[in-house]
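Single-letter residue listing:
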Amino acid sequence: MGTWAVGPFGNDFAQDWAEDLQESRDLYFIEDTLTNVLQAETTEYLEAPFGAEALAAVETWSRLQGKGGARDEDSERVDEWVAEVQAKLSKPRADIADKAQRVLALVLSDASELRELWQDSEHYEDWLASVTELQRRLSA
């Protein structure tokens, strides 16, 4: 995986996911990503590409809720999409918020290849801080 930053959009999988997001004009793509990732709860292993997409989806959901993280060139496409779509969305969806929290727990679990890969790197603590900060923002 091409990775250049610990943030949710600092890798090739997340950037590909953000590109696909541009085709969507509602919450379907985010919800579909979260639902697919949660299938790993029963398979007992979450592969790294799906973990990276999951973090991108959760961060995008967080931005739609006004709880987004830092904006930078990695998040630019998602920030533009959020600006276009946010006003069109109706009330908050508790089901997606619940899925987002479950996905973050799965990404941080022992069943996560993405966590394993980061754990083997010198930037694990920074990545872990980034993900737990996203959890905190969603819970606020």
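Since this is a predicted model, take the numbers as computed values, not measurements.

Here's the deal with the pattern of salt bridges
Using the criterion set out here, one finds 13 salt bridges in the structure. For glutamate 31, the salt bridge is made with lysine 99, and the minimal N-O distance between the two is 3.5 Å. Of this pair, glutamate 31 sits in helix H2 (residues 28–38) while lysine 99 sits in helix H6 (residues 94–108), and the two are 68 residues apart along the sequence. No difference in accessibility class separates glutamate 31 from lysine 99, as the two residues are buried. One salt-bridge network, held together by shared partners, links Glu59, Arg63, Arg71, Asp79, Glu133, Arg136 and Arg137.

Brief notes about the nonpolar core
Residues Ile30, Leu34, Val58, Trp61, Val103, Val107 and Trp127 are the most contacted members of the largest nonpolar core, which totals 38 residues. Listed by contribution, the elements that provide at least two residues to this core are helix H1 (12–21), H2, helix H4 (48–64), helix H5 (76–85), H6, helix H7 (113–119) and helix H8 (124–139). Ranked by residues supplied to this core, first place goes to H4 with eight residues. Excluding anything up to four places from it in sequence, valine 103 contacts Leu34, Val37, Leu38, Ala54 and Val58.

Analysis parameters
Residues numbered from 1 in each chain as written. Predicted model: local features only at pLDDT ≥ 70, side-chain atom pairs only at ≥ 80, totals over all residues. Heavy atoms only, no water. Salt bridge = Lys/Arg side-chain N within 4 Å of Asp/Glu carboxyl O. Helix = DSSP H or I, 4+ residues; strand = E, 2+ residues; numbered from the N terminus. Buried < 20%, exposed > 50% of the residue type's maximum accessible area, 1.4 Å probe, protein only. Core = buried A, V, L, I, M, F, W, Y, C linked by side-chain atoms within 4.5 Å. Contact = heavy atoms within 4.5 Å.

Shape descriptors only; they carry no functional weight alone.
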